[in-house]
Amino acid sequence: MSNHSHTACPGQDNPAAYSSYDSVRAVEWREDRVRLLDQRRLPQHTEYLSCRDAAAVAQAISTMAVRGAPAIGIAAAYGVVLAAQQRYAFSSATWRTDIEADIAALACSRPTAVNLFWALARMQAHLADITGDPGPVLLAEARRIHDEDIAANRRMGELGAALIEAGSGVLTHCNTGSLATGGYGTALGVIRAAWAAGKVNNVYADETRPWLQGARLTAWELVQDGIPVTLIADGAAAWLMRQGEVRWVIVGADRIAANGDTANKIGTYGLALAARHHGLKFMVVAPASTFDTKLRSGADIPIETRTPQEVLTLAGQPVAAAGASAWNPVFDVTPAELIDALVTERGVVLAPDARKIAALMGV
Ligand code: MRU
């Protein structure tokens with residue numbers, strides 16, 4: 001599926017993006033293919049994958065070449081465009097049923113981020129009404145999903161930054177930036193906006209074992225955009241809080257249940273507990289596409305477990321005693337009562353609960 005290429009500057013196709021500490025784009029549509037910045041190779045290598053069919057996009061999602069809840073949804077939407085173009089070229093009579101296998105493959109690529117299923121449902125909603133070539137209609141919808149995500153991130157950036165007091169230290173987890181979204185980022189978008197407003201004096205990032213999204217991706221993005229970042233080992237977070245260095249913990253989300261319980265990268269729950277213990281504020285930043293109000297609580301959210309090899313190795317090298325086994329749940333659920341602020345493009349919910357979320361989502 002891959003055509004690797006090297007680019008000196010990842011944001012060179014997006015000169016406008018430089019204006020607000022946002023120069024990176026992980027997912028791009030290119031005429032007849034989806035171009036993905038291969039996040040497995042960062043930060044050492046800036047390489048792109050060219051996905052020319054839905055199977056390649058599904059594989060890129062499941063192997064984490066592209067990751068982060070909104071970015072997964074956007075990539076899958078473009079995957080549906082590729083599928084439609086190819087199925088229609090093969091048969092203008094049966095493309096609608098032929099495409100179902102492609103959509104099923106995309107839906108199986110990862111289980112926890114609801115943005116994937118949300119984006120596929122938006123694409124599927126068009127299928128029945130299309131007459132003629134489905135490509136243009138579906139491409140327009142995929143582009144809308146992508147553009148709306150960036151706009152939502154900008155709005156959340158403003159709303160979230162407004163909550164942050166001047167002179168704050170902030171701690172983030174995993175990667176929630178341009179790499180994880182259509183662009184700009186959710187939690188990292190708030191940090192970008194707060195940094196631009198001069199409110200943040202220190203950005204701390206957990207390295208985020210086992211996949212090191214913090215060390216490899218968040219640190220890379222912030223360095224690209226000229227925002228100083230201090231990495232910490234995951235185990236140092238509570239001690240950092242104890243030193244009084246952090247006022248807000250700011251994270252993203254993969255799925256938020258109707259009562260506000262939030263699934264996010266493994267380790268998020270522990271940060272929320274530690275933040276509450278130290279009297280610090282805990283902010284979750286996520287677009288409406290991350291809410292799954294069909295689920296009553298976090299107990300219903302499917303949690304992905306990945307291969308033990310991710311824990312037993314580091315950069316492909318074994319680090320554990322031979323013969324040890326490992327457990328690798330890659331998300332956890334933070335109960336709503338530990339969340340001080342839920343920031344969405346529709347507004348901010350303080351101390352989220354089922355009633356406030358129903359009002360926000362109009363359900
Ligand atoms: O396993 P990943 O890297 O896809 O997990 C990503 C996260 O947990 C992010 O915090 C979440 O998707 C929000 S991204 C804006």
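Residues numbered from 1 in each chain as written. Predicted model: local features only at pLDDT ≥ 70, side-chain atom pairs only at ≥ 80, totals over all residues. Heavy atoms only, no water.

Visitor: Sorry if this is basic, but what is going on with the overall build of the protein here?
Guide: Secondary structure assignment for the protein yields eleven helices and 16 strands. Computed over the C-alpha atoms, the radius of gyration of the protein is 20 Å, within 12% of the 21 Å expected from 2.2 N^0.38 for a compact globule of 363 residues. C-alpha atoms of the protein, sized along the principal axes, occupy 65 × 50 × 45 Å. Taking all 363 residues of the protein together, 57% fall into the buried category. If you sum the accessible surface of the protein, you get close to 14,300 Å²; carbon and sulfur atoms cover 54% of it. Between the averaged position of the 32 positive side-chain charges in the protein and that of its 36 negative side-chain charges there is a distance of 2 Å. (Helix = DSSP H or I, 4+ residues; strand = E, 2+ residues; numbered from the N terminus. Rg over C-alpha atoms; globule rule 2.2 N^0.38 Å. Buried < 20%, exposed > 50% of the residue type's maximum accessible area, 1.4 Å probe, protein only. Areas by Shrake-Rupley, 256 points an atom, 1.4 Å probe, with all protein chains shown as cover. Lys, Arg positive; Asp, Glu negative; His and termini not counted. Charge placed at Lys NZ, Arg CZ, Asp CG, Glu CD.)

Visitor: Quick question: what am I supposed to make of the sheet that holds strand 9 (residues 262-265) here?
Guide: Strand-to-strand pairing in sheets goes through backbone hydrogen bonds, with the strands running parallel or antiparallel. Pairing in this open sheet of four strands is mixed, and the strands run 11-8-9-14 from one edge to the other. The open sheet terminates on both sides in strands that have one partner only, identified here as strand 11 (291-292) and strand 14 (331-334). Pairing analysis gives two bridges linking strand 8 (residues 255-257) to strand 9, with the strands arranged antiparallel. Bridging from a neighbouring strand, arginine 255 pairs with alanine 263 of strand 9. Along the sheet, helix 9 (residues 268-277) contacts strand 9 and strand 14; its crossing angle with strand 14, the most-contacted strand, is approximately 35°. (Pairing = 2+ DSSP bridges. Contact = heavy atoms within 4.5 Å. Axes fitted to C-alpha atoms, helices over the stretch in contact; angles between N-to-C directions.)

Visitor: Is there a simple way to explain the environment of alanine 56 in this structure?
Guide: Relative to the helices and strands, alanine 56 is located in helix 1 (residues 54-62). Between the alpha carbons of alanine 56 and glycine 226 there is a distance of 33 Å; along the sequence they are 170 residues apart.

Visitor: I keep staring at the domain arrangement of the protein and nothing clicks. Help me out?
Guide: In many reports, interface size means the accessible area that the parts give up when they come together. Domain boundaries assigned for the protein yield domain 1 (27-150) and domain 2 (155-361). Domain 1 and domain 2 are separated by 25 Å when their C-alpha centres are compared. Facing the 26 residues of domain 1 at the interface are 28 residues of domain 2. The contact between domain 1 and domain 2 buries some 2,200 Å² in all, and 55% of this surface belongs to carbon and sulfur atoms. (Domains from an automatic or database assignment. Buried area = accessible area lost by both parts, 1.4 Å probe.)

Visitor: Sorry, what's going on with the site of the ligand here?
Guide: Close to the ligand lie 18 residues; Arg67, Arg110, Asp254, Asn264 and Lys265 are nearest. In the environment of the ligand, an oxygen atom lies 2.8 Å from a nitrogen or oxygen atom belonging to the side chain of arginine 67. Aspartate 254 is positioned with one of its side-chain polar atoms (N or O) 2.8 Å from an oxygen atom of the ligand. Burial of the ligand by the protein chains amounts to 100% of its free accessible area of 420 Å². (Near = heavy atom within 4 Å. Polar contact = N/O pair within 3.5 Å; in protein donor to acceptor, adjacent residues only side chain to side chain.)

Visitor: Before we go on, may I ask you to explain the environment of alanine 354 in this structure?
Guide: Mapped onto the elements, alanine 354 comes out in helix 11 (residues 354-361). By relative accessible area, alanine 354 is classed as partly exposed at 42%. In contact with alanine 354, not counting residues within four places along its chain, are Ala258 and Asn259.

Visitor: How should I be thinking about unusual backbone geometry in this particular structure?
Guide: What you tend to see is this: most non-glycine residues have negative phi, and most peptide bonds are trans. A cis amide bond links leucine 42 to the next residue, proline 43, at an omega of 0°. Its location among the elements puts proline 43 in the loop between strand 2 (33-37) and strand 3 (48-51). Positive phi, normally seen in glycine, also occurs at tyrosine 184, with a value near 80°. By the element assignment, tyrosine 184 lies in the loop between strand 4 (168-172) and helix 6 (187-196). With relative accessibility at 6%, the residue tyrosine 184 sits in the buried group.

Visitor: What exactly am I supposed to notice about helix 6 here?
Guide: Helical geometry note: an α-helix holds 3.6 residues per turn, so side chains three or four residues apart project in the same direction. Counting buried positions along helix 6 gives eight out of ten residues, so the element sits mostly inside the fold. For helix 6, the full list of buried residues reads Ala187, Leu188, Gly189, Val190, Ile191, Arg192, Ala193 and Ala194. Where helix 6 is buried, its residues meet helix 5 (135-163), strand 4, strand 5 (200-206), helix 7 (213-224), strand 7 (248-251) and strand 10 (281-285).

Visitor: When you look at the packing of helix 2 (residues 69-90) against helix 5 in this model, what are you seeing that I'm missing?
Guide: The angle between the axes and the distance between the axes are what describe a pair of packed helices. In the contact formed by helix 2 and helix 5, the axes pass within 9 Å of each other and the chain directions differ by 170°. On the basis of their axis angle, the class for helix 2 and helix 5 is roughly antiparallel. The segment helix 2 lies against helix 5, with Pro70, Ile74, Ala77, Tyr78, Val80, Val81, Ala84 and Gln85 engaging Gly135, Leu138, Leu139, Ala142, Arg143, Ile145, His146 and Asp149. Per-class residue counts for the contact of helix 2 with helix 5 are eleven nonpolar, three polar and two charged. (Parallel < 35°, antiparallel > 145°, perpendicular 65-115°, else oblique. Nonpolar A, V, L, I, M, F, W, Y, C, P; charged D, E, K, R; others polar.)

Visitor: It is not clear to me how the pattern of salt bridges should be interpreted in this structure. Could you clarify?
Guide: Any two side chains of opposite charge can pair, on the condition that their charged atoms come close. As enumerated under the stated definition, the model contains 19 salt bridges in all. Close ionic contact of arginine 122 with glutamate 141 constitutes a salt bridge, the shortest N to O distance being 2.8 Å. Here glutamate 141 lies in helix 5 and arginine 122 lies in helix 4 (residues 114-124), a separation of 19 residues in the sequence. Like glutamate 141, arginine 122 is buried. Here arginine 255 and aspartate 292 are joined by a salt bridge, their closest N and O atoms 2.7 Å apart. Residue arginine 255 is located in strand 8, and its partner aspartate 292 is located in strand 11; the two are separated by 37 residues in the primary sequence. As far as the burial class goes, arginine 255 and aspartate 292 line up, both buried. Each of Arg110, Glu304, Arg306 and Glu310 takes part in salt bridges that share partners, so that together they form one network. (Salt bridge = Lys/Arg side-chain N within 4 Å of Asp/Glu carboxyl O.)

Visitor: What is the right way to read the pairing of strand 2 from this model?
Guide: Working note: regular strand, side chains alternate between the two faces of the sheet. Buried residues dominate strand 2, accounting for four of its five residues. Of the strand pairs in this sheet, strand 1 (residues 27-30) and strand 2 are connected by four bridges, and their pairing is antiparallel. Each residue of the ladder has a partner; that of valine 27, found in strand 2, is leucine 36. From the end of strand 1 to the start of strand 2, which pair antiparallel, there are two residues, and glutamate 31 there has a positive phi angle of about 55°. Relative to strand 3, strand 2 is paired through four bridges, and the arrangement is antiparallel. Note that in strand 3 the partner of leucine 37 across the bridge is tyrosine 48.

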